[in-house]
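Notes for the structure review
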Amino acid sequence: MPERTITRLDPQVNNEDRVSVFLDEEFAFGVHEDIVVKHGLTVGMTLAPEDVRDIEADEQYVNAKQAALDYLAHKPRTETEVRRKLKRKDVSAPVIDDVIARLYELEYLDDEAYAHDYAHNRFSSKKYGPVRIRRELEERGIDRHLADVAVDTLFADEDATAAAWEHAESRWPRLADEDDPRRRRQKMYRYLRRRGFTSETIRPILDELERDGGHPPV
């Protein structure tokens, strides 16, 4: 394709941060005003096809970065969550990598801090056990090592058994209609497992419930 000449640079009516670029009197593309400045776009300037490709690549990066910032504005996200969001918007892999790198530079992404905050919040609000919190972190793309450290740090200070007892005391009376003691125990076991507690934590609680009618030992 031959070089084409910029004949108009018009601010867009619905978005003052964007500029419509006309080549040889025909609308060619819209770009963010930062791209206009970066590439020094002016009326009368000629653009080769490779120039247009470079401009479009920069425009995709700007749009992708803004989409990521908008996504992060609602609440903290993991790197994986941001990558998934941009992929759903059909952003190319190299541009996603560039955006992620920039977000780390700006300290908008921090998977380690996210893991610790998430673990603390889930325990504080739901009293979930270590298994569930670890699984939820990994589902959000947190590296297994970071998830392990966050959970281990949390439960070095928090008592998983006490949390499990809170769930058990609340749930056990609701199972009173179950006539079969074995089935009642199984239902309680599954309930506590879903909330993230290990078999080692659950079994002594079940034994105590069956002996003392649903109250933790004093």
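Notes on the structure follow.

Analysis parameters
- Residues numbered from 1 in each chain as written.
- Predicted model: local features only at pLDDT ≥ 70, side-chain atom pairs only at ≥ 80, totals over all residues.
- Heavy atoms only, no water.
- Core = buried A, V, L, I, M, F, W, Y, C linked by side-chain atoms within 4.5 Å.
- Buried < 20%, exposed > 50% of the residue type's maximum accessible area, 1.4 Å probe, protein only.
- Helix = DSSP H or I, 4+ residues; strand = E, 2+ residues; numbered from the N terminus.
- Contact = heavy atoms within 4.5 Å.
- Expected span 1.5 Å × (residues − 1).
- Phe/Tyr/Trp six-rings, centres within 6.5 Å; stacked < 30°, edge-to-face > 60°.
- Axes fitted to C-alpha atoms, helices over the stretch in contact; angles between N-to-C directions.
- Left-handed = near helix turned anticlockwise from the far one by under 90°.
- Nonpolar A, V, L, I, M, F, W, Y, C, P; charged D, E, K, R; others polar.
- Salt bridge = Lys/Arg side-chain N within 4 Å of Asp/Glu carboxyl O.

Another aspect to go through is the nonpolar core. Membership of the largest hydrophobic core comes to 29 residues, with the highest contact counts inside it found for Ile133, Leu137, Phe155, Ala168, Met188 and Leu209. Among the secondary structure elements, those contributing two or more residues to this core are helix H5 (111-126), helix H6 (130-139), helix H7 (144-157), helix H8 (160-171), helix H9 (181-194) and helix H10 (199-212). Ignoring anything within four residues of it in the chain, the contact list for Leu137 reads Tyr114, Ala115, Tyr118, Ile142, Ala147, Ala150 and Val151. Formed by 14 residues, the second largest nonpolar core is a distinct cluster that contains Leu72, Val91, Ile96 and Leu109.

The end-to-end C-alpha distance of helix H4 (residues 93-105) is 19 Å, a good match for the 18 Å that 13 residues give at a rise of 1.5 Å each. Positive phi appears at Glu107, one or two residues downstream of H4, with a value of about 65°.

On to the packing of aromatic side chains, then. This model, assessed by the stated rule, comprises three aromatic pairs. Taking 5.8 Å as the distance between ring centres and 15° as the angle between the ring planes, the aromatic pair formed by Tyr114 and Tyr118 counts as stacked. Linking Tyr114 with Tyr118, this pair stays in helix H5, spanning four residues, or about one helical turn. A single burial state applies to Tyr114 and to Tyr118, both of which are buried.

Here the focus is the packing of helix H3 (residues 79-88) against H4. Angle between the axes and distance between the axes: these two values describe a pair of packed helices. Following both chains from N to C, one finds H3 and H4 inclined at 145°, their axes separated by 10 Å at the closest point. H4 is crossed by H3, and the crossing has right-handed handedness. Facing H3, whose interface residues are Glu79, Val82, Arg83, Leu86 and Lys87, H4 presents Ile96, Asp97, Val99, Ile100, Leu103 and Tyr104. In terms of residue class, the contact of H3 with H4 is made up of seven nonpolar, no polar and four charged.

As a further point, take the pattern of salt bridges. Per the stated rule, a full pass over the model turns up 20 salt bridges. Of the charged contacts, one joins Arg183 and Glu178 as a salt bridge, the two residues approaching to 3.6 Å between their closest N and O atoms. By relative accessible area, which is 38% here, Arg183 ends up partly exposed. What makes Glu178 buried here is its relative accessible area of 18%. In this structure, Lys187 and Glu178 form a salt bridge, with 3.0 Å as the shortest nitrogen-oxygen distance. Here the salt bridges share partners, and the residues they tie into one network are Arg4, Asp24 and Glu26.

Moving on, we come to unusual backbone geometry. In this structure, Glu25 is a non-glycine residue whose phi angle is positive, near 70°. Relative to the assigned elements, Glu25 resides in the loop between strand E2 (18-23) and strand E3 (26-32). Judged by relative accessible area, Glu25 falls into the exposed class, the value being 54%. Positive phi, close to 55°, is recorded for Lys127, a residue that is not glycine.

Coordinates in, geometry out; function isn't part of it.
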